[in-house]
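Fold and geometry: a report
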Amino acid sequence: MLALVCGVTVSCTPGEQGEQTRGDELGERSFEEPVEHNLDELTSRIAGLDQQIRSMIGMAYADNLEQCRLAEIGHRPCGGPQYYMAYSTTALDEEALLELIAEHRALQTRFQQENDIVGTCEVLPRPQLTLQGGRCVASPTAER
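Since the model is a prediction, treat every value here as computed from it, not as a measurement. (Residues numbered from 1 in each chain as written. Predicted model: local features only at pLDDT ≥ 70, side-chain atom pairs only at ≥ 80, totals over all residues. Heavy atoms only, no water.)

1. What to know about the state of the cysteines
Test applied: Our working definition of a disulfide is a cysteine sulfur pair at a distance within 2.5 Å. Segments assigned H or I by DSSP are reported as helices when at least four residues long, segments assigned E as strands when at least two residues long, and all are numbered from the N terminus. In this scheme, a residue with accessible area under 20% of its type's maximum is buried, one over 50% is exposed, and one in between is partly exposed, where area comes from a 1.4 Å probe on protein chains only.
Counted by the stated rule, this structure contains 2 disulfides. Across the disulfide from Cys 68 sits Cys 136; the S-S distance is 2.1 Å. Taking the torsion about the sulfur-sulfur bond, which here is approximately -80°, the covalent link between Cys 68 and Cys 136 counts as left-handed. On the criterion of sequence distance, the pair formed by Cys 68 in strand S1 (residues 68–73) and Cys 136 in strand S4 (residues 135–139) is long-range, its members being 68 residues apart. Note on accessibility: Cys 68 and Cys 136 belong to one class, buried. One disulfide bridge connects Cys 78 with Cys 121, the sulfur atoms lying 1.7 Å from each other. Separated by 43 residues along the polypeptide, Cys 78 in the loop between S1 and strand S2 (83–88) and Cys 121 in the loop between helix H4 (94–114) and strand S3 (128–132) bring together distant segments of the chain. Residue Cys 78 is classed as partly exposed on the basis of its relative accessible area of 45%. Since its relative accessible area comes to 46%, Cys 121 is described here as partly exposed. In the chain, the bonded cysteines, numbered by position in the sequence, are linked as 1-4, 2-3.

This is how it looks when you write it as structure tokens:
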């Protein structure tokens, strides 16, 4: 019965059918939408952003170490990034990359909170940036 009520509530939204709101563009949904749909959509959006970030960073070619930066990507349930990636400022729009990373982190945090995801609470050591063969590389630190 609840599923039927939710389905009817979602189909009776204000405005003309097919009209997209700013919240829809940003991936925000009303609380009346079925949870399963939100979950699939959210995980798909997170995976898509992850792929966009990796594609944008690419091979991270640089002429010198000053062109290299370290991105903290994702969010672990206990805090900190899911992983690190080295990128080069020479061939990408850094502002656009940082916006993608922030959106990815926010959606991943939301997913973890809404689904009571827990982690092992291990801390990933921050890698050291190096330049190897003309590419920015995130190298493991000696500390462990």
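2. A short note on the environment of Cys 136
Convention followed: Contacts were defined at the residue level, with two residues in contact if any of their heavy atoms lie within 4.5 Å.
Overall, Cys 136 belongs to the buried group, its relative accessible area being 4%. On a C-alpha basis, the gap between Cys 136 and Ala 62 in space is 6.4 Å, while along the polypeptide they are 74 residues apart. Apart from the residues lying within four places of it in its own chain, the contact partners of Cys 136 are Ala 60, Ala 62, Gln 67, Cys 68, Ala 86, Tyr 87, Ser 88, Thr 130 and Leu 131.

3. Here's the deal with H4
Quick reminder: α-helices carry 3.6 residues per turn. Residues three or four places apart thus point the same way. Stated precisely, the cut-off is as follows: By this rule the span expected of a helix is its residue count minus one, scaled by 1.5 Å. Counting of polar contacts relies on pairs of N or O atoms within 3.5 Å, with two restrictions inside protein: one atom must be capable of donating a hydrogen and the other of accepting it, and residues adjacent in sequence are counted only when both atoms are side-chain atoms.
Relative to the 30 Å expected for 21 residues at 1.5 Å per residue, H4 spans 30 Å between its end C-alpha atoms, a close match to the ideal helical length. For H4, every residue scored as buried is listed here: Leu 97, Leu 100, Ile 101, His 104, Leu 107, Gln 108, Thr 109, Phe 111 and Gln 112. Two to three positions downstream of the cap, the backbone nitrogen of Glu 95 sits 3.2 Å from a side-chain oxygen, assigning the N-cap of H4 to Asp 93. After H4 finishes, the residue Asp 116 shows a positive phi value of roughly 50°.

4. Digging into the pattern of salt bridges
To keep things clear, this is the line we draw: We count a salt bridge whenever a side-chain nitrogen from Lys or Arg sits within 4 Å of a carboxyl oxygen from Asp or Glu.
Taken as a whole and judged by the stated rule, the model has 6 salt bridges. A salt bridge links Glu 103 to Arg 45; its shortest N-O distance comes to 2.7 Å. Here the residue Glu 103 occupies a position in helix H4, and Arg 45 occupies one in helix H3 (residues 35–57), the gap between them amounting to 58 residues. Glu 103 sits in the partly exposed class, given a relative accessible area of 26%.

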